[in-house]
Every structure is written in C-alpha cells, then in structure tokens.
Amino acid sequence: MSIGFEIKNRDGKARSGVITTGHGSMRTPLITVNFTPALLRSGLKPSDVKELGSELILVNTLHAYLSGMRDVHEDLGWEGPVLADSGGFQMISLADKMGATAEGVEFEINGEAHFFDPKKVLEIQRSIGVDMMMPLDYVVSVRTHSLALFLTSVTQTRLWFGQAALTGTENLYYIVQGGTSSVARWLSVKDANRWLRAGVEAVALGGISLGETKQEIYDTVKFCCDRLVEDRPRHLLGVGDPEDLLECVERGIDTFDCVSTTRLARHGRVWTFGGVLRLRQEQFGRDQSVLEPGCDCPTCRAGESRAALREGLRDVNEAVVRETKLKLMKHNIRFVNRLMEGIRQAIEVGELAKFKAEFLAIYKR
Ligand SMILES: [Zn+2]
C-alpha cells in the first residue's frame, strides 16, 4: 500500500485534503505528535493522543533502532498511520561523535559506534512497518551562511536518495535541502520533482528551523512550495509553532511535525487561542480560571484551574509533577489539533486569510 493523496479544497496556495496509507487515512493540513524518547519517557501514550484528535504519529528511526523495536504499531499500541524521521537530525543531536562520509553517517552513542547508510535507514523503517518513510538526508547548520555547504547538503542528499531508492520507493518521501540559499533550494526542488514524476510518492522540506528567522523560514517554504510538483503531499520537518502552522499552510504545506507542542507543555508553557501562558509565572498562582475556557481537552473539561496546575508543576512529589505535565501536554496537543480543524474548515470555505488574521490578532495580542 502506498501513500495516496487527494486535494479536496484550495484557498490560494493552501490545500485541504486526505492522505491515505496502509494504516488508514488522515485529513490535512495536520500536525503529528512526535513520539520522541523524551515523550515516551513522560508516560504519554499514542492511545492518549487519538482521543485528542491526532491522526498521525511520528517515531524516531534512530530510537526505534537503538531500542530494538520490532513492530511500531504493536509496540506502541497505535493502529493509525506512522511517519518516521530520517534519523539524520537525531544523530546530530544525540551522538557524542559524528562524521558523514559519502557512504553514510558514522556516529557514537554511549561509547558504542554505529553506522547508518541510506539502505539501512529504510531497512529499519520497513522492518518495523512505518507507513511514511523519510530517507537519510544531509542536514547542515544554516548559521554558516555557506553556499558551498548548502550545495553539499543538496548533492549528498541526492546521492543518498539514489542509493536508498534502489531498495524501492513505495511509501518514501524525498527531502529537499539547501539551507537558506535559493540557488541550492532550487536545485534540490528539481531533484525532488524528477523523483516525484518518476513515482516517488511525497516530498518533505528539511534543514529548516535550525536558527533562521521566522521570515527566512516562511520565505524558504514559499520558494519551495511554489516550484514543487502540485499534487503530492508536502511535509515540513521540525516546524510547528501555532503561527508557523498558519503561515506555512498558507504557503502550501500539508503536514507538520514538531516537538514544541509537548516539550513546551512539560516546561509549563501552554498554548491557547488567547496567547501563550507561562504557568510558572507568579500571576497564575492566584488565577482560578480554567486553563483555557472553551477547550474540550480532558484537562480543561475537568475544570482544572491555572493556579492548581501551577502548583502541580511545583509539587515536591515527582508523581504529581509528572501527572501535571501529562495534563498540560494533552491540552497543547488538543490545541494544535483544534487549530488545524479551524484551518481545514477555513480552507473549505475559502476564508483562510480571514481566519489567520483573526487568530493572530488575539493570539499575539
Ligand atoms: Zn484544554
């Protein structure tokens, strides 16, 4: 079973539709919940996010490999579609030592040496039953502003994709690289379009949100979306603050993944339609209002007050802190899903620009 995509409505460059996989379908635009090792340790389970409206989860290829995962759906108790990241970015952030060669990536974790090449990354994803696969890509820092380095990320990603594709392209994404250079991005978009016309099913934008300004992120997304094959699903890797979702859907992105939704919640940062709440701030110690009035997440439905949740984060009992973080994570996940529901409805009736203006006017007040 491959990745199917039907665009149902358009509003400017934005699209809403349905992606189908071997484990069911999902409505787009959407955002995944990233089941990183940190999130799995927190106690949140994929079965918890289904009732919050999530239709797609993401797993780390590197973590799946290191933890000896056998079947991603069975091991995580999730029957829906699963997207896997390429492992490249995780290696950069987790590895004690890392080196990329023409053949692949060598890295060391806890004193143990590992080697990932393009074929092995897909082998791992196929063996655990991933529905939407990201190949090994070459991620570089954007802070260098080095055209040479951006071009290397394009050519190395192209080379590795060619090797990965030899094992088959079903369920596979092409990842566009190129940093903040339009020249490098254009070359990578051309590579992607060649593969998409040859039957590759979907495309992702990578190497983004690694230190650029928001405007640079939006410009890169627009530049790529304006030039990509029109009828295939487009994923944006690692971007997903509320305003980013609106800005990038407007430019033509269909799916997102981002660790911020749950990571920020664990640090007491709560997203609401009225703006960000930093629950650790003193003012919330006296705030008896519900976390977000009108929200239908389990935390808000239970009528938990901001003051009580703030106390929960500061409790001396570890179990209480953990439970409170779970409550905040559930709220933030429900928040991004409610936002996406609003975005999809707005696209359906051709009112995304109005929806965005109204949302931002209150959210950024
Ligand atoms: Zn809520």
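Everything below is about the structure printed above this text.
Read on for a plain summary of the structure. (Residues numbered from 1 in each chain as written. Predicted model: local features only at pLDDT ≥ 70, side-chain atom pairs only at ≥ 80, totals over all residues. Heavy atoms only, no water.)

1. A few points about the coordination of the zinc ion
Stage number 1. Those protein atoms acting as donors to the zinc ion are Cys295 (SG), Cys297 (SG), Cys300 (SG) and His331 (ND1), and they sit at 2.1 to 2.3 Å.
Stage number 2. Considering all four donor atoms around the zinc ion, angles at the metal cover 107 to 115 degrees and the coordination shape is tetrahedral.
Stage number 3. Taken in chain order, the donor set of the zinc ion reads C-x1-C-x2-C-x30-H. Taken together, the positions of Cys295 in the loop between strand S16 (275-278) and helix H12 (298-301) and His331 in helix H14 (residues 318-348) put the pair 36 residues apart, joining distant regions of the chain. (Donors = N, O, S within 2.8 Å, 3.2 Å for Na, K, Ca; no water. Tetrahedral: all angles 85-135°; square planar, octahedral: opposite > 155°, others 65-115°. Helix = DSSP H or I, 4+ residues; strand = E, 2+ residues; numbered from the N terminus.)

2. Here we look at the pairing of strand S11 (residues 173-176)
Stage number 1. The two faces of S11 match: Tyr173 and Ile175 on one face and Tyr174 and Val176 on the other face are all buried.
Stage number 2. In the sheet, S11 pairs with strand S12 (residues 202-205) via four bridges, with the strands oriented parallel. Note that in S12 the partner of Ile175 across the bridge is Ala204.
Stage number 3. Between S11 and its parallel partner S12, the chain crosses via helix H8 (residues 182-197), and the hand of that crossover is right-handed. (Buried < 20%, exposed > 50% of the residue type's maximum accessible area, 1.4 Å probe, protein only. Pairing = 2+ DSSP bridges. Right-handed = clockwise from strand over helix to strand, strands pointing away.)

3. Describing unusual backbone geometry
Stage number 1. Along the chain, Thr28 connects to Pro29 via a cis peptide bond; the corresponding omega equals 0 degrees.
Stage number 2. Phi is positive for Asn171, close to 65 degrees, though the residue is something other than glycine.
Stage number 3. One can find Asn171 in the loop between helix H7 (147-165) and S11.
Stage number 4. On the accessibility criterion, Asn171 (14% relative accessible area) is buried.
Stage number 5. Phi is positive for Ser209, close to 65 degrees, though the residue is something other than glycine.
Stage number 6. For Ser209, the location among the structural elements is in the loop between S12 and helix H9 (214-227).
Stage number 7. Assessed through its relative accessible area of 33%, Ser209 is described here as partly exposed.

4. Regarding the state of the cysteines
Stage number 1. Overall, the coordinates contain zero disulfides when judged by the stated rule.
Stage number 2. Free cysteine: Cys225, not disulfide-bonded; nearest cysteine sulfur from Cys224 at 6.9 Å.
Stage number 3. Between Cys258, a cysteine without a disulfide, and Cys248, which holds the nearest cysteine sulfur, the sulfur-to-sulfur distance is 11 Å.
Stage number 4. Assessed through its relative accessible area of 7%, Cys258 is described here as buried. (Disulfide = S-S within 2.5 Å.)

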